[in-house]
There are 6 protein chains.
Amino acid sequence: MKIGVVLPTSDPDLLAGRQALYAGWARPGTEISVRLLDNRVPTEADPSDSFVLPEILHQIVEAEQDTADAVIVDCMEDPGVEEGRRLVNIPVIGPGHAAMNLASVLGYKFSILYPLQQTILIERLVVHHHISMLASIRYLSCGLEGIRSSDSATLEVLEQTAITAIIEDGAHVIIPACTLTSHLVQQLQERLHEKDYPVPVVDGPSTAVKLAEALVDLDLSPSRVTYPGPLGISRRIA
Amino acid sequence: MKIGVVLPTSDPDLLAGRQALYAGWARPGTEISVRLLDNRVPTEADPSDSFVLPEILHQIVEAEQDTADAVIVDCMEDPGVEEGRRLVNIPVIGPGHAAMNLASVLGYKFSILYPLQQTILIERLVVHHHISMLASIRYLSCGLEGIRSSDSATLEVLEQTAITAIIEDGAHVIIPACTLTSHLVQQLQERLHEKDYPVPVVDGPSTAVKLAEALVDLDLSPSRVTYPGPLGISRRIA
Amino acid sequence: MKIGVVLPTSDPDLLAGRQALYAGWARPGTEISVRLLDNRVPTEADPSDSFVLPEILHQIVEAEQDTADAVIVDCMEDPGVEEGRRLVNIPVIGPGHAAMNLASVLGYKFSILYPLQQTILIERLVVHHHISMLASIRYLSCGLEGIRSSDSATLEVLEQTAITAIIEDGAHVIIPACTLTSHLVQQLQERLHEKDYPVPVVDGPSTAVKLAEALVDLDLSPSRVTYPGPLGISRRIA
Amino acid sequence: MKIGVVLPTSDPDLLAGRQALYAGWARPGTEISVRLLDNRVPTEADPSDSFVLPEILHQIVEAEQDTADAVIVDCMEDPGVEEGRRLVNIPVIGPGHAAMNLASVLGYKFSILYPLQQTILIERLVVHHHISMLASIRYLSCGLEGIRSSDSATLEVLEQTAITAIIEDGAHVIIPACTLTSHLVQQLQERLHEKDYPVPVVDGPSTAVKLAEALVDLDLSPSRVTYPGPLGISRRIA
Amino acid sequence: MKIGVVLPTSDPDLLAGRQALYAGWARPGTEISVRLLDNRVPTEADPSDSFVLPEILHQIVEAEQDTADAVIVDCMEDPGVEEGRRLVNIPVIGPGHAAMNLASVLGYKFSILYPLQQTILIERLVVHHHISMLASIRYLSCGLEGIRSSDSATLEVLEQTAITAIIEDGAHVIIPACTLTSHLVQQLQERLHEKDYPVPVVDGPSTAVKLAEALVDLDLSPSRVTYPGPLGISRRIA
Amino acid sequence: MKIGVVLPTSDPDLLAGRQALYAGWARPGTEISVRLLDNRVPTEADPSDSFVLPEILHQIVEAEQDTADAVIVDCMEDPGVEEGRRLVNIPVIGPGHAAMNLASVLGYKFSILYPLQQTILIERLVVHHHISMLASIRYLSCGLEGIRSSDSATLEVLEQTAITAIIEDGAHVIIPACTLTSHLVQQLQERLHEKDYPVPVVDGPSTAVKLAEALVDLDLSPSRVTYPGPLGISRRIA
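Residues numbered from 1 in each chain as written. Chains lettered and ligands numbered in written order. Predicted model: local features only at pLDDT ≥ 70, side-chain atom pairs only at ≥ 80, totals over all residues. Heavy atoms only, no water.

## Observations regarding the relation of the copies chain C and chain D
Once chain C is rotated about the relating axis by 180° and shifted along it by 0.0 Å, it coincides with chain D to within an RMSD of 0.0 Å. Viewed as a symmetry operation, the transformation between the two copies matches a two-fold axis. For chain C, the smallest separation between a C-alpha atom and the rotation axis is recorded for C:His128, amounting to 2.5 Å. An overlap of 100% is found between the interface residues of chain C and their copies at the interface of chain D, pointing to a shared contact surface. (Least-squares fit on C-alpha atoms with pLDDT ≥ 70 in both. Contact = heavy atoms within 4.5 Å.)

## Some remarks on the pattern of salt bridges
Counting across every chain of the model gives 106 salt bridges over all chains. Residue C:Glu213 is joined to C:Lys210 by a salt bridge in which the shortest nitrogen-to-oxygen separation is 3.1 Å. Highlighted residues: C:Glu213 and C:Lys210, both in helix H9 (residues 204-217), separated by three residues, approximately one helical turn. Here C:Glu213 and C:Lys210 have matching classes, each one buried. For E:Glu156, the salt bridge is made with E:Arg191, and the minimal N-O distance between the two is 3.3 Å. (Salt bridge = Lys/Arg side-chain N within 4 Å of Asp/Glu carboxyl O. Helix = DSSP H or I, 4+ residues; strand = E, 2+ residues; numbered from the N terminus. Buried < 20%, exposed > 50% of the residue type's maximum accessible area, 1.4 Å probe, protein only.)

## A short note on the packing of helix H4 (residues 95-103) of chain F against helix H5 (residues 120-128) of chain F
Residues and elements named next belong to chain F. Packing of H4 against H5 brings their axes to within 10 Å, and their N-to-C directions diverge by 60°. On the basis of their axis angle, the class for H4 and H5 is oblique. Crossing geometry of H4 relative to H5 is assigned as right-handed. Between H4, through Gly96, His97 and Met100, and H5, the contact on the second element is made entirely by Ile122, Leu125 and Val126. Looking at the contact of H4 with H5, its residues break down into four nonpolar, two polar and no charged. (Axes fitted to C-alpha atoms, helices over the stretch in contact; angles between N-to-C directions. Parallel < 35°, antiparallel > 145°, perpendicular 65-115°, else oblique. Left-handed = near helix turned anticlockwise from the far one by under 90°. Nonpolar A, V, L, I, M, F, W, Y, C, P; charged D, E, K, R; others polar.)

## Let's talk about the arrangement of the chains
Contact between chain A and chain D is absent, and the minimum C-alpha spacing across the pair is 16 Å. Over all C-alpha pairs, chain B and chain E never come within contact, reaching a minimum spacing of 16 Å.

## With respect to the pairing of strand S2 (residues 31-35) of chain E
Residue and element names in this part refer to chain E. Burial analysis of S2 places four of its five residues in the buried class, the great majority of the element. The pairing of strand S1 (residues 2-6) with S2 spans five bridges and is parallel. Bridged to valine 5 within S2 is valine 34. On the question of chirality, the crossover connecting S1 to the parallel S2 by way of helix H1 (residues 15-25) is right-handed. (Pairing = 2+ DSSP bridges. Right-handed = clockwise from strand over helix to strand, strands pointing away.)

## As for the sheet that holds strand S7 (residues 173-176) of chain A
Residue and element names in this part refer to chain A. With respect to topology, three strands assemble into an open sheet ordered S6-S5-S7, the strand pairing being parallel. Two strands lie at the open edges of the sheet, namely strand S6 (134-139) and S7, each paired on one side alone. The mean angle between the axes of side-by-side strands here comes to 20°, regardless of whether they run parallel or antiparallel. Sheet analysis places strand S5 (residues 110-114) next to S6, joined by five bridges and oriented parallel. Residue pairing for S6: tyrosine 114 is matched across the bridge by tyrosine 139. On the sheet, helix H5 (residues 120-128) packs against S5 and S6 and is oriented at approximately 150° with respect to S5. Taken strand by strand, helix H7 (residues 151-169) contacts S5, S6 and S7, and its axis lies near 145° from that of S6.

## Observations concerning the packing of aromatic side chains
Taken as a whole and judged by the stated rule, the model has twelve aromatic pairs over all chains. Residues B:Tyr227 and C:Tyr108 carry aromatic rings whose centres are separated by 6.2 Å and whose planes lie at 70° to one another, so their mutual orientation is edge-to-face. Here C:Tyr108 lies in the loop between helix H4 (95-103) and strand S5 (110-114) and B:Tyr227 lies in the segment after helix H9 (204-217), a pairing that spans two chains. Summarising the burial analysis for this pair, B:Tyr227 and C:Tyr108 share the class buried. (Phe/Tyr/Trp six-rings, centres within 6.5 Å; stacked < 30°, edge-to-face > 60°.)

## Looking at the environment of E:Met100
All names here are of chain E. When you line up the elements, methionine 100 lands in helix H4 (residues 95-103). Considering only alpha carbons, one finds methionine 100 and alanine 177, 77 residues apart in sequence, at a separation of 9.9 Å. Ignoring any residue separated from it by four or fewer positions in sequence, one finds methionine 100 in contact with Phe110, Ile112, Ile122, Leu125, Val126, Ile131 and Ile175.

## Considerations on the nonpolar core
Grouped together as the largest cluster of nonpolar side chains are 66 residues, with contacts concentrated most on A:Ile72, F:Met100, F:Phe110, F:Ile112, F:Ile174 and F:Ile175. A per-element tally of this core places helix H7 (residues 151-169) of chain F first, with seven residues. With sequence-adjacent residues up to four places away left out, F:Phe110 is seen in contact with F:Met100, F:Ala103, F:Ile131, F:Met133, F:Leu134, F:Ala135, F:Ser136, F:Ala171, F:Val173 and F:Ile175. Among the nonpolar cores identified, the runner-up in size contains 49 residues, and A:Ala103, B:Tyr227, F:Leu36 and F:Ile72 belong to it. (Core = buried A, V, L, I, M, F, W, Y, C linked by side-chain atoms within 4.5 Å.)

## Focus on the sheet that holds strand S4 (residues 92-93) of chain D
Residue and element names in this part refer to chain D. The strand order S2-S1-S3-S4 describes an open sheet built from four strands, whose pairing is parallel. The outermost strands of the open sheet, each flanked by one partner alone, are strand S2 (31-35) and S4. Across the sheet, helix H1 (residues 15-25) touches strand S1 (2-6), S2 and strand S3 (70-73), and the angle it forms with S2 is around 155°.

## Quick word on the interface of chain C and chain B
Every contact between the two is made by 43 residues of chain C and, on the other side, 43 residues of chain B. Here chain C meets chain B over a buried area of about 3,400 Å², counting both sides, of which 61% is carbon and sulfur. In this structure, the connection of chain C to chain B is made through two salt bridges. Salt-bridge contacts for B:Lys210 lead to C:Asp217; the nearest nitrogen and oxygen are separated by 2.8 Å. Summed over the shared surface of chain C and chain B, the number is 24 residue pairs in polar contact (both at pLDDT 80 or more). (Buried area = accessible area lost by both parts, 1.4 Å probe. Polar contact = N/O pair within 3.5 Å; in protein donor to acceptor, adjacent residues only side chain to side chain.)

What follows is the structure, given as structure tokens:
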């Protein structure tokens, strides 16, 4: 099968790294095809900026035309996922919702570790999907810059923040809500287990790949009742 | 004060009628300024089609630049309202949420009367805003075409559907979720009262005008914690 | 239009001040008529004391007979509002519910700042109206005495408590739940914005006036399904 | 122990019958003392009419002064129960909440059978106490007049309505919400069991007696955090 | 009436003490019959260990055969209660749910004081019964060993933890969730009242006895819709 | 990887068929090992009968000792899944919860089609996992016997019941809750799509296999905070 991955950026420097990471999560026989936004989008644009949305949707449509069997938007806030489901017939998957959904079969309450102080951007997902198992959203004090600078320092912050979430917020499962920490998640889980915090740590992007593979295997796509196609000329203003 | 109204269509034939209706609801001293979408948007496009969203947002931003004190998106599904709040500093108001919000000070449960069979398009608002007082969403069998064709037939359908919602679904308040029935709401309420169904009927667009006037009077705008401004270059992918 | 305001006290010293404040919030053409409780009610009685309730209801009925188009009970705990709606045909409005309702179109979660340590008296409103957006109720350490003594000290406490609610409780909107701080709300909002806490501050009494004006403009009254009239001799004990 | 029972009526004809019924539910050693409202209250007044409330509260206070260990308000809508808890130090019990509370240890969902078409009067209790296990409220078509006229006809209506609630609404437990059907509840349960509807039927007044006895045995009274005493002169308007 | 009490242990040393305690809570005329698990169960087994469950169910069935009118499982986590209700025709009562249920007629929110750090074992009950009034679960730092060693030290820990729950978590009612502290609950309530924390303290086992007596008096058993009997040969795998 | 499947029956006739079906869902490289209950369990025992539970748990433990990487209990009611997670260190998966969880990324509301009239047995799962997206549970009138007798007749009933759930209950996704209809799910989905009901149909057992593969790939196991190991001698009665 073929899984399209939409990077919500136009920065070509990110392409090879994400392609390699996603390919590493795919099972044998799954082809990964990572796509950038059109280069008219400034590289410094934010995935949640409203003018970026149409470009993400454009890539989702292009991925389907390029014979992808499923498509993932590579951002934990799932920009364009709900809207994109109305435009194509293949599964459109967001790593944010995918991770929260998997967490709910692993324990009763999860905490999100998030690298932006404006936690509302991820809380919106929780609000929209009526997820009742959220224990807390905690800010990763290293921020996005810190995550890009040093893996060891980031791992330290992840660990400390996870432990705080477990002790103070009663988290049973941990979700680091950043696509740039995927390669640290396994180590984070090991460190927590070693220090006797027996909680699973769920990574968004790799979980999204597994969900895509499962949906394609099972021949399932989002419901057209929940996500009706474009209404076109069938009406005007309601 | 000046209230901008964004019509989510590019059809110039609608402009004068909506301007007159909105002006009729405004109190003395309130100026109404109705805006159309760019004429590159086909007139038959649907307000909820994803490619229409950037055009709605563009008009919201333009309304603020044009010195509007508040802006209303003239569609019961509130397209662009949540996204628009991140882009401007004035209140952005959707008649759908405005009507549901007012209904909740009038009674415990409301029903929505909706002219499309795909009720999910309005249910999404209920889901997103975590509104717990919904009794039901009922389809108006005349459809949008019927609403455009005949006021008396539409009023008949509105009345019958409202009565069904009251009896079978336990509605305490009725919301016709169509911007084209505003001028029938007063008559609908009278008819229901005459037949001994003592429920209020709430209209979206006129309620949105009252909410806009109230927010401007009280100097209130949406919270920037809920609706942070564009992140610009402050980050890339999280 | 004419709006009746019931002060839940018999203290005549309060009359002129409240009349002036309410008149200041009304738009041109709105007449405000403030009413005191019967002077058999001791001036030191509390609005929530049960023997005060019939007197509040009596004034609500009198306001309607005095041709008021809507009536407001001037206390953030909304005493008599639910019961009063069963007795008259005009809108009966409580500033507590009005403020919480308006807050929910401005952001996802609000905190209440309250001058009594027995916060249950205001929490009851939240419980009764099934309001799911409450972030917290925080005690204003100056108390009611402090509020009456010094505006500048009160403003300081309001600001500190609001900031704590924003940081620790995740409040997106602030509601000071005291009718005696209305004149400080605008300053509080400015101070918070200056210190980079971009949250709106909602005042109960002025919001109640705007809600009353809107309901009268829209010809809406509470649902008689939710608030049936007195049952009279139609039954005995059920 | 001594249990006071407040009849929310001034009709002396009801006194002996209710006294006998309540005494029949009490265990040996429990004294029942039934109280009427002051005879200034017209006998045809409704327990939920607002001017009746102070008289109910007055009797609750009198019952405590008369050395009652607990007091029950004999009406399924629990008028005065919440307010009364603030005025006395003994348990104040409503048969409506008592029955719903007991139902929730017997099954997952219950239906209420109610003799008034204005079901909001009992739904209010469900709303206020945040009871999530309600399957439905169904109207007893015989009405209050029918209940007073014929036991056999009432039993027939109770049975048919209960069966409808079980089949159509998925009720696991049945609560007839009328104080005048207590003596039929046992027969109703038997009839349902015979017809292979194995659901328990919970009666309000007798359940209230058992709850009163349990609270007195366990030396428990309502929390003063939830129900603070009258505030007296401690404050004015908040 | 006769109430069976299943001790979820095989340790014969506990028998006499529990029999005496339970007999002390029963009203005159109620016979208490305490039962141990089969002595093949090691005395050090935990009530929540999965291999203990069939033995608890076995004792529930035996209690019914021994003519008990109701049966209580003497553990705050209610092991076997839901499963047991499918096997017998008499009420099966767990002190955990019984206490939480009674707490909800005494106030709006309760806190649980629990002697194990793995609070999930009691939280499961809250989760399963959809109890929305939980303020917090707080760990009793003395642990089970401390409770067995010293009443005065335990009382001190109970008091301190209760006060923390009242102040920090907003508890209106306190439930110590340990069957070994029943004899301290009355003193705990007195101490709290003396220090001006006017909250009721609810004990599980004694509340379970009162609930059992009430259900037998009222001739009520769990609903067979919620708790269908064993399916036997009526089906295989669904 | 190796996935253990516990059949909750001792009937050896079922072994080969289930092994073949499960093997068909597994991806290349996944070994399926189906296990029966001990033959002391009567073949006609029901998976939800309480005496069957210890045998299911025994097989879960044996599967782990037999080097399985994950284990599935082959029954839509997930018997033993929650308890089993406390006993082993590998993922324990129930097809019921797995299907409901996957449904929630495909649409907003799902309906369950169930072959037993006692729908509480599957509703329990919904209740326990706090799943808020249930539209309805509908009985499959063919029953289990019908499912075993004729595929074409069963398919007809599935289709009719699904259509009723879509139209009357507003289902967006369909879950047939029977392990014996897995081979019909694909056809059911096609039939519904052909008749213009564009909803996905989710099968439990095949979804459970995909979830097992995903969890093993991602190195995730249930949280030990939610599912602590056996407490052994660490405590007695709490």
